[in-house]
Structures are given as structure tokens and as C-alpha cells.
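Architecture and fold: a report
Each chain, written out:
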Amino acid sequence: MKLGRAFYTRADVVALARRLLGTRLVARTRGGRRVSGIIVETEAYRGPEDRASHAYGGRRTRRTETMYARGGTAYVYFVYGMYHQFNVVTNVADVPHAVLVRALEPVEGVDLMRRRRGGATPDELTSGPGKLCIALGIDRHLDGADLLGDRVWLEPGRRVSPAAIAAGPRVGIDYAEDWVARPWRFWLRDNPFVSRARSPLVRPAGAARSGRAPT
């Protein structure tokens, strides 16, 4: 049931960020249990030209090297000295494209998620990139993991119609100059598990279909 390599190696990271909506992200605990959720919010990052990408300008550091792996690799990094962020590397090797998973709708292991998140309410368990990593037990040990492996992976989940998808600018990238306004964040309309980072600029998801959205 895992998504195959060909799903991840598509050339258009913006289109793939939309296609990830409705798929199921699964992680295994040390005891072998499954914890999972339906992806309801994503952001596309198209390095090396994308000023918002960690790989802008072809930057290759110890942290960003994972972005240059082949599609279907997990890119996990630590931010603000507090939170991990889970990304799906896309395209072929040496093309640093990635999709940040921003929010999930919990499916399996909800009791374990609550314990990990200190008793958060159901709609707050995974409604943000840092929250979902805590809930699913995702940390830097999964950086570079093969998404066709047995530690963390994606499965087909729920069919999503184009009309159910909203698009807007990515979050927290004020430094990205003319890339700030590109509507490369996607989420499921009216889904209660989407993060609180709503955008004042909302476009039909098809507006970003070519990956050449206006700035």
C-alpha cells in the first residue's frame, strides 16, 4: 500500500504538494505500533532558485544535503531549538525539491498522540508541522529515511477533489523577496485539522498548477 518511487520523482514539486493532500503519513513506534494521519496541508519548496528553500542558490550543508537525495526520502530538520519539521523530498537525485507537511488529520494511534502532546484536544494534536512531528514521534533520526522503508512512509488515503483544495502563500518566509507571494501552500478547505496559519491571499489551487505563479 506504500506510495511507489515514481510518485515522488515527478518533476513538478508544486503539483506534487497538491497530490500529497489526502495521502496518509505513517510512522512506526519502537514497539511496532502504527501512528498515522491524513495529510491536509502542505507547502512546496523548489530549490535551488526558490529563495524560501533551504537549498536556495545550490546551498549544500550538513543539514540540507538530504534535499539532494532522490525523491521518496524524508527530510527532517530542527527549528527554533524546539521543533522538528517533516518534509518529503521529490524529483530525481541532485534536484533539491521538497514538500513540507504542515498538518495532518489523526487516524491511528490517537491515544498515543495525546500522550505525546500532553493531552492536546483532537483538533490541536497535529495542526502544525511541529505538532505533527511530536505526535508521530518524528525527529532527526528519520532524516534521510527511505519513504519506501519500514520506519516512516506514505500510503494512499482519501480521494480529494480539486474543488476541495485551497492555495495561498507559504508561511514565515518574509525574507524570500519576490517568492513570498507565490501560492505554494495547499490545504483542504474547511478541514478542522489545518494549521492556524490561514492566508489572506487564497486562490483556486489550479492557479499554481504550472509552478510559475505570479509574484
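Preceding this paragraph is the structure being described.
Criteria and thresholds
Residue numbers run consecutively from 1 along every chain, following the written order of its sequence. Local features in this predicted model are restricted to residues whose pLDDT is 70 or higher, and side-chain atom pairs enter the listing and the counts only when it is 80 or higher, whereas totals over whole chains, interfaces and linings include all residues. In computing side-chain values, all of the structure's heavy atoms are included and hydrogens and water are not. Each helix corresponds to a stretch of at least 4 residues labelled H or I by DSSP, and each strand to a stretch of at least 2 residues labelled E; elements are numbered beginning at the N terminus. Think of a polar contact as two N or O atoms within 3.5 Å of one another; within protein, one of them needs to be a possible hydrogen donor and the other a possible acceptor, and neighboring residues in sequence only count if both atoms come from side chains. Only buried residues count toward a nonpolar core. Its members are Ala, Val, Leu, Ile, Met, Phe, Trp, Tyr and Cys residues joined through side-chain atoms within 4.5 Å. Each residue gets one of three labels from its accessible area relative to the maximum for its type: buried under 20%, exposed over 50%, partly exposed in between, using a 1.4 Å probe on protein chains only. Note on contacts: a residue pair qualifies if any of its non-hydrogen atoms lie within 4.5 Å across the two residues. Here a cavity denotes a set of grid points, spaced 1 Å apart and computed over the protein atoms alone, in which a 1.4 Å probe fits but from which it cannot get out, and a pocket denotes an open set meeting protein on both sides within 12 Å along at least five of seven lines; residues with an atom within 4 Å of a point are reported as lining. Grid points are joined across faces, edges and corners, and a volume is the space filled by probe spheres set on the points. Residue polarity is assigned by list, with Asp, Glu, Lys and Arg as charged and Ala, Val, Leu, Ile, Met, Phe, Trp, Tyr, Cys and Pro as nonpolar; anything else, Gly included, falls into the polar class. Strand pairing is assigned whenever DSSP identifies at least 2 bridges connecting the two strands. The rule is short: rings of Phe, Tyr and Trp, with Trp giving its six-membered ring, pair when the centres are within 6.5 Å, and they are stacked under 30 degrees, edge-to-face over 60, tilted in between. By convention in these notes, a salt bridge is any Lys or Arg side-chain nitrogen within 4 Å of a carboxyl oxygen on Asp or Glu.

This part is about the side chain of R5. For R5, the location among the structural elements is in helix α1 (residues 5-8). A polar side-chain atom of R5 sits 3.1 Å from a polar atom in the side chain of D146.

To continue, consider the nonpolar core. Of all hydrophobic cores here, the largest spans 61 residues; its most connected members are L25, F86, V88, L136, I138, L147 and L154. Leaving out residues up to four positions away in the same chain, I138 has contacts with L25, V76, H84, F86 and C133.

Quick look at the environment of G168 now. For G168, the position within the fold is in strand β7 (residues 165-168). C-alpha separation for the pair G168 and W184, spaced 16 residues apart in sequence, amounts to 6.2 Å.

As a volume, the largest pocket reaches approximately 550 Å³. Every element with two or more residues in the lining of the largest pocket is listed here: β2 (34-46), β3 (73-79), β4 (83-90), β5 (97-108) and α4 (129-136). Element by element, the count of residues in the lining of the largest pocket is highest for α4, at 4 residues. Here the lining of the largest pocket is composed, by residue class, of 15 nonpolar, 8 polar and 4 charged.

Moving on: unusual backbone geometry. Note that the residue after G47, namely P48, is joined by a cis bond; omega there is 5 degrees. Position of P48 among the secondary structure elements: in the loop between β2 and β3. A positive phi angle is found at Y80, which is not glycine, with a value near 55 degrees. By the secondary structure assignment, Y80 is in the loop between β3 and β4. Phi at D190 is positive, roughly 65 degrees, even though this residue is not glycine. For D190, a relative accessible area of 80% puts it in the exposed group.

Regular strands show a simple pattern: their side chains alternate between the two faces of the sheet. With burial as the criterion, each face of strand β6 (residues 152-155) is covered, one bearing V152 and L154 and the other bearing W153 and E155. Across 4 bridges, the pairing between strand β1 (residues 24-28) and β6 is antiparallel. Of the residues in β6, the one forming a bridge with A27 is V152.

The next thing to look at is the packing of aromatic side chains. Between two aromatic rings, the relevant description is the distance of the centres plus the angle of the planes. Here the structure, examined in full by the defined rule, presents 3 aromatic pairs. Plain terms: the ring middles of Y75 and Y77 are 5.1 Å apart, the flat faces sit at 45 degrees to each other, and that makes the pair tilted. What makes Y75 buried here is its relative accessible area of 1%. Seen in terms of ring centroids, W179 and W184 are 5.8 Å apart; in terms of plane orientation they differ by 70 degrees. Their pairing is edge-to-face.

According to the stated counting rule, one finds 18 salt bridges in the structure shown. For the salt bridge of R60 with E65, the shortest nitrogen-to-oxygen distance reads 2.6 Å. A relative accessible area of 42% places R60 in the partly exposed class. With relative accessibility at 37%, the residue E65 sits in the partly exposed group.

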